[in-house]
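Structural characterization, general
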Amino acid sequence: MLVNILVIGSGGREHALSWKLSQSSKVDTIFTAPGNGGTQNNVPINADDLDGLADFAQKNNCFTVVGPEDPLAAGIVDKFNKLGLKVFGPSQKAAQLESSKIWAKDFMKRNEIPSARFEIFDNAQKAQEYVESLDYNVVVKADGLAAGKGVIVCNSNDEAISAIQTILVKKTFGDAGNRIIVEERIDGIEASYIALSDGDVAIPMATSQDHKRIFDNDEGPNTGGMGAYSPTAIIDDNLTKIIQEEIIEKTIHAMKKEGIVFKGFLYAGIMIRDGKPFVLEYNVRMGDPECQPITMRMDFDLYDYLVASVDGTLSSLPPASWKLQSAVCVVLASKGYPESYSKNDEITGFDSISNGAIVFHAGTKKSGEKILSNGGRVLGVTALGDSLESAITNVYSAIEKITWSQKYNRTDIGKKGLSYL
Ligand SMILES: Nc1ncnc2c1ncn2[C@@H]1O[C@H](COP(=O)(O)OP(=O)(O)O)[C@@H](O)[C@H]1O
Ligand SMILES: [Mg+2]
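With that out of the way, let us pick up the sheet that holds strand β6 (residues 138-142). Strand order in this open sheet of four strands is β5-β8-β6-β7, and the pairing throughout is antiparallel. Unpaired on one side and paired on the other, β5 (118-121) and β7 (151-153) mark the two borders of the sheet. For this sheet, the mean inter-axis angle between neighbouring strands, taken without regard to orientation, is 15 degrees. Inspection of the sheet shows β5 paired to strand β8 (residues 180-184) by four bridges, in the antiparallel sense.

Before going further, it helps to examine helix α7 (residues 124-133). At 3.6 residues per turn, the α-helix brings residues three or four places apart onto the same side. Among the residues of α7, A124, A127, Y130 and V131 are the ones counted as buried. The buried residues of α7 occupy an angular sector of 120 degrees when projected down its axis, which confines them to one face. Pointing more than 90 degrees away from the buried face of α7 are the exposed residues K126 and S133. Taken together, the buried residues of α7 touch β5, β6, α8 (157-169) and β8.

The next thing to look at is unusual backbone geometry. Residue P231 is bonded to the preceding S230 through a cis peptide linkage, with omega at -5 degrees. Position of P231 among the secondary structure elements: in the loop between β14 (227-230) and α9 (237-257). P338 follows Y337 through a cis peptide bond whose omega is 10 degrees. Within the secondary structure, P338 is located in the loop between β17 (326-334) and β18 (346-347). Backbone geometry places E112, a non-glycine residue, at a positive phi of 55 degrees. One can find E112 in the loop between α6 (101-110) and β5. For N344, which is not glycine, the phi dihedral falls at a positive 65 degrees. Residue placement: N344 occurs in the loop between β17 and β18. What makes N344 partly exposed here is its relative accessible area of 44%.

Pairing is parallel in the open sheet, where four strands are placed in the order β2-β1-β3-β4. The open sheet has two free edges, formed respectively by β2 (27-34) and β4 (87-88), since each of these has just one partner strand. Relative to strand β1 (residues 3-9), helix α2 (residues 50-59) is tilted by about 165 degrees, and along the sheet it contacts β1, β2 and β3 (62-66). Across the sheet, helix α11 (residues 302-311) lies against β1, β2, β3 and β4, angled at about 85 degrees from β3, the strand it touches most.

Turning next to the side chain of S334. Mapping S334 onto the fold places it in strand β17. In this view, S334 contacts Y341, S342, S373, G375, G376, V378, W404 and Q406; residues no more than four positions away in its chain are not counted.

Within β8, five of the five residues are buried, leaving the element largely enclosed by the surrounding structure. Relative to β8, β6 is paired through five bridges, and the arrangement is antiparallel. By the bridge assignment, K141 is partnered in β8 with I181.

Our next topic: the packing of helix α1 (residues 12-21) against α11. Axis separation between α1 and α11 bottoms out at 8 Å; the angle between their running directions is 110 degrees. On the basis of the axis angle, α1 is roughly perpendicular to α11. Across the interface between the two elements, L17, K20 and L21 from α1 touch L302, Y303 and L306 from α11. For the contact of α1 with α11, the per-class residue count stands at five nonpolar, no polar and one charged.

The next thing to look at is α11. With eight of its 10 residues buried, α11 lies for the most part within the structure. Taken residue by residue, α11 has L302, Y303, Y305, L306, V307, A308, S309 and V310 as its buried positions.

Across the 11 residues that make up strand β15 (residues 263-273), a large majority, nine, are buried. With 10 bridges joining them, strand β9 (residues 189-198) and β15 adopt antiparallel strand pairing. Residue pairing in the sheet places A191 in a bridge with I270 of β15. Taken together, β15 and the strand that follows it, strand β16 (residues 276-283), pair antiparallel across an intervening segment of two residues, in which D274 is found at a positive phi of about 50 degrees.

Bringing the site of ligand 1 into the picture now. Close contacts around ligand 1 come from 16 residues, with K101, E183, I186, E190 and E281 the closest. In this structure, K101 approaches ligand 1 through a side-chain N or O atom, which is 2.8 Å from an oxygen atom. For ligand 1, whose unbound accessible area comes to 540 Å², protein coverage reaches 87%. Among the elements of the structure, β6, β7, β8 and β16 are those that each provide at least two residues to the shell around ligand 1. Of the residues in the shell around ligand 1, the class split is six nonpolar, two polar and eight charged.

Domain boundaries in the chain define domain 1 (3-89), domain 2 (117-184), domain 3 (189-316) and domain 4 (326-419). Centre-to-centre, using C-alpha coordinates, domain 3 lies 23 Å away from domain 4. Between domain 3 and domain 4, the contact holds 26 residues from the first and 26 residues from the second. Carbon and sulfur atoms supply 59% of the area that domain 3 and domain 4 bury against each other, a total of about 2,100 Å² over both sides. Taken together, the connections running from domain 3 to domain 4 amount to three salt bridges. Salt-bridge contacts for D218 lead to R410; the nearest nitrogen and oxygen are separated by 3.0 Å. Put simply, domain 3 and domain 4 have 15 residue pairs in polar contact (both at pLDDT 80 or more) between them. Contributions of two or more residues to the side of domain 3 that touches domain 4 are made by β11 (209-210), β12 (213-215), β13 (219-222), β14 and α10 (291-297). Residue composition of the side of domain 3 that touches domain 4, grouped by class: 10 nonpolar, 10 polar and six charged.

Rules and cut-offs
Residues numbered from 1 in each chain as written. Chains lettered and ligands numbered in written order. Predicted model: local features only at pLDDT ≥ 70, side-chain atom pairs only at ≥ 80, totals over all residues. Heavy atoms only, no water. Pairing = 2+ DSSP bridges. Helix = DSSP H or I, 4+ residues; strand = E, 2+ residues; numbered from the N terminus. Axes fitted to C-alpha atoms, helices over the stretch in contact; angles between N-to-C directions. Buried < 20%, exposed > 50% of the residue type's maximum accessible area, 1.4 Å probe, protein only. Arc of directions from axis to C-beta. Contact = heavy atoms within 4.5 Å. Parallel < 35°, antiparallel > 145°, perpendicular 65-115°, else oblique. Nonpolar A, V, L, I, M, F, W, Y, C, P; charged D, E, K, R; others polar. Near = heavy atom within 4 Å. Polar contact = N/O pair within 3.5 Å; in protein donor to acceptor, adjacent residues only side chain to side chain. Areas by Shrake-Rupley, 256 points an atom, 1.4 Å probe, with all protein chains shown as cover. Domains from an automatic or database assignment. Buried area = accessible area lost by both parts, 1.4 Å probe. Salt bridge = Lys/Arg side-chain N within 4 Å of Asp/Glu carboxyl O.

In structure tokens:
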């Protein structure tokens, strides 16, 4: 019997997951809630309306796949499980690895998972004194979810003190900033490591590297991610083994020992310094935009693997196999992102893409036959190539075809990957 799927979310990650799941011979209709201008069968229920989503999944007999972190942190998986609905993703307790950075840091400390030195504060004066006692630069982090904005990387004590004020005193991130982490700034090369777990085993996904800053050469403010490629040579076989065993498996096993079964995608944001990996943070879902190049390289039925994660049967599946090609995703954003930008601008050129590139939608919406911009990160154009260099050529030739008045993209996505080869 074919199964219906409900993908929750509205970003490029969710479009990519739907795209891959739609290739499964076991899948019937894929619904997306609330979806975007590129996703099929959009259901007008927001990701925070857990009752509405449960009701829809029940009536349409869906296997639900949760894309973003907010519904996971709100306990959507626990809720669906209570109702007997099949749902992919971690429980609310397991999602604490992402929803409380303090919980995650304490967890890593007691389980000896490599991460930056840190202290926790709820008092600005004490945090400031701590900063002044250190002889290294720090990063100041709000504890809770802050839509990727609650982390301030500091170049001096003055910057750290102003970051402490921003989060703890001005409360720029609301209650997410009731407590902060002040941690050592680790200067190295950042990459993403994502695995799929069923609570016992963890299958590595292909390696990838994001480009967080808005401008070329990694300059300017942090964004949700301006592009990503897979695989990345910076995580070689040796480092893969270390990260897989000493970070991912250690995390899954320690969670289990503490009574929390982690099912879902476990994402470790890694900083590599002198060949040694440090965990900057966990996410409990696929990265966006890393998901786009990773799904394009999947040479397996993603539905089978997501079901096995839920059922606890991942060890009975063959290892995930990957296309040997490289994949590169370039994010097309609205000018002005990550600050202010316009919406409702018409985008054209979708039909002229011919070289196998896929246009994953993020901040778009449909208006009749037209596609309009509807967010900061608008599209994630993704292409394969027999080498990283050819994937870069392919993706940049594809994005030329897509035009709108406010289009902005980095011109160097994947380039740093060439320097590790
Ligand atoms: N200890 C650290 N040293 C250096 N850079 C860091 C450190 N922690 C975070 N960063 C930088 O800040 C970015 C955002 O931090 P992260 O912990 O991933 O939080 P979030 O994704 O929730 O904003 C990271 O991608 C990394 O570039
Ligand atoms: Mg991050």
